[in-house]
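Summary of the model geometry
Below are the chains, spelled out letter by letter.
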Amino acid sequence: MKKKSLLSLCLILILSLSCKEDQKQKLDKDTSTEETSSKNPTFSYDTKTISKDSLDICKMNPCPKLDIEYLHITDATNAGKKINQLNEKSLTEIVLTPSDSIPQDHIDKSVDKFMEEYANFKNDFPDSHAVYELYIRQEKLFESDSILVISSIFYNYTGGAHGYGAKLYNTYDKVNAKRIEPKALLKNEKAFKAYAEGMFRKKFHLSETESLNKNGFFFENDEFKLPENMAITKDSLHMIYNPYEAASYAEGDIKLSFPKKDVETWLNY
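A brief report on the enclosed structure follows. All of these numbers come straight from a predicted model, not from anything done at the bench. (Residues numbered from 1 in each chain as written. Predicted model: local features only at pLDDT ≥ 70, side-chain atom pairs only at ≥ 80, totals over all residues. Heavy atoms only, no water.)

As a further point, take the sheet that holds strand β3 (residues 133-143). Reading across the sheet, the six strands line up as β1-β2-β3-β4-β5-β6 and stay open at both edges, with mixed pairing between neighbours. Strands with a single pairing partner mark the edges of an open sheet, and in this sheet they are β1 (45-51) and β6 (178-180). Neighbour-to-neighbour, the strand axes of the sheet open up by a mean angle of 30°, direction not taken into account. Here β3 runs beside strand β4 (residues 147-157); their pairing, made up of ten bridges, is antiparallel. In the strand pairing of β4, E139 is matched with S151. The strands touched by helix α2 (residues 78-95) within the sheet are β2 (65-73), β3, β4, β5 (164-173) and β6, with β2 carrying the most contacts at an inclination of about 160°. Sheet strands touched by helix α3 (residues 107-124): β1, β2, β3 and β4. Its angle to β2, the strand with the most contacts, is close to 170°. (Pairing = 2+ DSSP bridges. Helix = DSSP H or I, 4+ residues; strand = E, 2+ residues; numbered from the N terminus. Axes fitted to C-alpha atoms, helices over the stretch in contact; angles between N-to-C directions. Contact = heavy atoms within 4.5 Å.)

Structure, rendered in structure tokens:
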């Protein structure tokens, strides 16, 4: 009788320990999933638009040409909201001049300012046939667990001989919800710069010792520099010099792309 009681007690202890272990494994799994989700957020997106047709002011007043489509993260997470704010800030920098004194993180307010400036222009120069233009298109160029790369193509005209068009790359740290500066993409800027200069010279058939500026480029002190726009994608590293950055407006932009396998030793992402 005592043996049966002892056997029953042992069985109860074994089952109890087994249940606790199952609960612990489930808890560890749930915690691991939460940590992965927190460290590697996955975003959903939609496209927001601003055009003449969507603005009440344009129903009763002359308006510039306006066509904006930009990327918007729909997730209501802190990271998603912060990156949206940073993205809108980058858009306001396209729309406005540095002297404009409005909050630099609201695209709607910057468009209102653009409209106001056009109205002032028409009041000051009623006989002018010039029409302001603002065109912006955004797309998700690349996304990994850790970074989001947004590409923006734009054209802005506010009078004069011609407007200005360019392409911008913005890379965002998804975990910490901050913009990554282009040079922070590199773990060895000096070594990569030497490689990129060699490829740049090869593209334009220049020897290692030929002057860059005597061949039509605009580098300060005739010294090669990396562009302000670089982007990492799944298979490549892209560089783009926009008009006036390395050459004249007439030359347009200058693009170089490198297979990731050839440059990954110098990359942080």
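Within the largest apolar cluster, 31 residues are counted, with the highest numbers of intra-cluster contacts made by F192, F200 and Y241. For this core, the element with the most residues is strand β8 (residues 236-241), which contributes four residues. Beyond its immediate stretch of four places on either side in the chain, F192 contacts L186, L226, M230, L237, M239, F258, V263 and W266. Counting 24 residues, the second largest nonpolar core, distinct from the first, contains L91, V95, I107 and A166. (Core = buried A, V, L, I, M, F, W, Y, C linked by side-chain atoms within 4.5 Å. Buried < 20%, exposed > 50% of the residue type's maximum accessible area, 1.4 Å probe, protein only.)

Under the 1.5 Å per step criterion, the end-to-end length of α2 is 26 Å for 18 residues, consistent within 8% with the ideal 26 Å. On its buried face, α2 is in contact with β2, α3, β3, β4, β5 and β6. (Expected span 1.5 Å × (residues − 1).)

With that settled, the discussion passes to the sheet that holds strand β7 (residues 229-232). Taken in spatial order, the three strands of this open sheet run β7-β8-β9, and their pairing is antiparallel. Every other strand in the sheet has two partners, leaving β7 and β9 (254-259) as the edge strands with one partner each. Averaged over all pairs of adjacent strands, the angle between strand axes in this sheet comes to 15°, irrespective of strand direction. In this structure, β7 lies alongside β8, joined through four bridges in antiparallel fashion. Across the sheet, residue N229 finds its bridge partner in β8, namely I240. In the packing of helix α4 (residues 189-203) onto the sheet, the strands contacted are β7, β8 and β9, and the crossing angle to β9 comes to about 120°.

Right, let's talk about the environment of G198 for a bit. You can see G198 is positioned in helix α4. By relative accessible area, G198 is classed as partly exposed at 39%. On a C-alpha basis, the gap between G198 and E208 in space is 7.4 Å, while along the polypeptide they are ten residues apart.

Right, let's get into the pairing of β9. Side chains of β9 alternate between two faces, with I254, L256 and F258 buried and K255, S257 and P259 left unburied. Of the pairings in the sheet, the one linking β8 to β9 comprises six bridges and is antiparallel in character. In the sheet register, Y241 faces β9, and the bridge partner there is I254.

Here the focus is the pattern of salt bridges. Here the structure, examined in full by the defined rule, presents twelve salt bridges. Salt-bridge contacts for K59 lead to D56; the nearest nitrogen and oxygen are separated by 3.4 Å. A residue is classified by how much of its surface remains accessible, and D56, at 58% relative accessible area, is exposed. Measuring nitrogen to oxygen at the nearest pair gives 3.5 Å for the salt bridge that ties K183 to E189. With relative accessibility at 32%, the residue E189 sits in the partly exposed group. One continuous salt-bridge network, built from bridges that share partners, spans D67, E69 and R137. (Salt bridge = Lys/Arg side-chain N within 4 Å of Asp/Glu carboxyl O.)

Attention shifts here to the side chain of S90. Along the chain, the position of S90 falls in helix α2. With a relative accessible area of 10%, S90 lands in the buried category.

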